[in-house]
Amino acid sequence: MLTRWLAQKEPELEHSSLIGYRRIVENILVPRCGGIALRDFDRIALKELVATFDESTSAKRINNVLGPLRGALDEAVADDLIPSNPLDGFRVKRRAKANARKEVDPFTPEEVQAILAACREDQVRNYCQFNFATGLRTSEMIGLCWSDIDWRKGTVKIRRAWVMGKMKAPKTESGVREVQLLQPAIDALKAQRAHTATAGEFVFHDPRTNARWGSDQSIRAGEWQRALRKAGVRYRYPYQMRHTFASQALSAGENVMWVARQMGHRDWTITAKKYGRWIPSMVPDAGAKAAAVWNPLTAPLPRSLLLDGSGD
C-alpha cells in the first residue's frame with residue numbers, strides 16, 4: 001500500500017517533495033512496518049511504530065514521517081480495504097518544548113570570529129561570513145548568483161533556491177525579497193569576486209570542485225567541521241549561521257520587523273517567537289532603557305515643591 005501510494009503521488013508532487021517521501025517510505029516505513037497486514041495495523045501497531053524512533057527524534061520529525069503512512073491508509077479506506085484509518089486524530093506531541101529549544105542554537109559573537117579565523121579556505125570563509133551577516137537559508141546561499149547583487153543599493157535579491165538538485169523559487173511569497181547587505185556581507189562578496197565572478201553565475205563555490213555547492217551535506221563535510229574543531233567551538237550544523245544572524249540582530253536592538261524581512265518570514269511574530277528568548281541573555285543591560293523612562297517619575301521631588309509655605 002505504501003509503494004502504491006508513492007507511485008500514485010509521483011505525478012502530483014514537486015521533485016524535492018517526491019524525493020523526501022521516497023526516502024521516508026523506502027528507508028523508514030517499509031523496513032519498520034511494511035510487513036504488517038493492513039487489517040492488523042491498528043492503534044497499538046501505530047504506537048509500536050512510534051516507539052521505534054530514538055528519543056532524540058523530535059515530535060515534528062515523527063509526524064512528518066507518519067504523513068505518507070497516513071496518506072496510504074486513507075487510500076486503503078477509500079478502496080474499502082480497511083474500515084478506518086488508525087492515524088485519524090493521532091499526532092505525536094512528546095518532547096515538543098525540549099526539541100523547540102534545541103532547534104535554534106546560535107553561535108556567540110566570539111565563536112563567530114573564531115570560526116572565521118579558523119577557515120583554511122578563503123572561499124569557505126567568505127561563504128560563512130556572508131551567511132553570518134545575512135541569515136540566508138542554505139538553499140538560498142547555494143542558489144545565489146552574481147546577477148542578484150545590486151552593488152549600488154547594497155542589496156541582494158533572493159529569488160531562487162537550490163533544493164534537492166533543482167533550482168526553484170522560494171516556497172513562500174515572503175521568501176522572494178530584497179535583503180540589505182551589512183558591511184561584513186559586502187566585504188565577503190568583494191573577497192569572493194576573485195574566485196567566481198568571472199564564471200558569471202553562482203557566487204559561492206565548493207573549493208574542492210570549483211563549482212556550485214551541491215547541498216547542505218557537502219557544506220557540512222570537510223572544511224566546516226575542520227574549522228569548528230580548530231576554533232574549539234562546539235559543533236552545530238551550518239544552518240545555525242542563519243539563526244545566529246537573527247539572534248544577534250535582535251540582541252543588538254534591531255527592529256523585529258526588519259529582521260523578519262531580512263529572514264523572509266511571512267510574519268514578524270514568527271521571528272519574535274523563534275528568537276525572542278535569546279535577547280535577555282545576550283544583552284547585559286537589558287531593561288535599562290525601560291528603567292530610564294521611569295527615572296524622572298520616581299526621582300524625589302525638589303523640597304520647594306513639597307513645601308507650600310505653611311509647613312504642610
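Bear in mind the structure is a predicted one, so any value in this text is a computation, not a measurement.

Trainee: Give me the overall build of the chain: which residues, what numbers.
Mentor: Within the chain, the regular secondary structure consists of 16 helices and seven strands. Classification of the 312 residues of the chain by burial places 40% in the buried group. For the chain, the share of sequence-separated contacts (at least 6 apart) that also reach a separation of at least 24 residues comes to 64%. Accessible area of the chain: about 17,700 Å², with a carbon and sulfur share of 53%.

Trainee: How would you explain the pairing of strand β5 (residues 177-180) if you had to name every residue and give the values?
Mentor: The alternating pattern of β5 places Arg177 and Val179 on a buried face, while none of Glu178 and Gln180, on the opposite face, is buried. As paired elements, strand β2 (residues 155-158) and β5 share four bridges and run antiparallel to each other. Looking at the pairing, Ile158 lines up with Arg177 of β5.

Trainee: Describe the pairing of β2, listing the residues and the values that go with them.
Mentor: Along any regular strand, the residues point their side chains to alternate faces of the sheet. Of the pairings in the sheet, the one linking strand β1 (residues 149-150) to β2 comprises two bridges and is antiparallel in character. For Asp150, the partnering residue across the bridge sits in β2 and is Thr155. Taken together, β1 and the strand that follows it, β2, pair antiparallel across an intervening segment of four residues, in which Gly154 is found at a positive phi of about 70 degrees.

Trainee: Describe the pattern of salt bridges, with residues and values.
Mentor: In total, this model carries 13 salt bridges according to the counting rule given. A salt bridge links Lys9 to Glu12; the nearest nitrogen and oxygen atoms lie 3.3 Å apart. Residue class for Lys9 comes out partly exposed when judged on its relative accessible area of 25%. As a salt-bridge pair, Arg159 and Asp148 come within 2.7 Å of each other at their nearest N and O atoms. Note that Arg159 is positioned in the loop between β2 and β3 (161-163) and Asp148 in the loop between α8 (138-143) and β1, a separation of eleven residues in sequence. By relative accessible area, Arg159 is classed as partly exposed at 38%. Look at the salt bridges and you will find they share partners, linking Asp105, Glu111, Arg234 and Arg236 into a network.

Parameters and conventions
- Residues numbered from 1 in each chain as written.
- Predicted model: local features only at pLDDT ≥ 70, side-chain atom pairs only at ≥ 80, totals over all residues.
- Heavy atoms only, no water.
- Helix = DSSP H or I, 4+ residues; strand = E, 2+ residues; numbered from the N terminus.
- Buried < 20%, exposed > 50% of the residue type's maximum accessible area, 1.4 Å probe, protein only.
- Contact = heavy atoms within 4.5 Å.
- Areas by Shrake-Rupley, 256 points an atom, 1.4 Å probe, with all protein chains shown as cover.
- Pairing = 2+ DSSP bridges.
- Salt bridge = Lys/Arg side-chain N within 4 Å of Asp/Glu carboxyl O.

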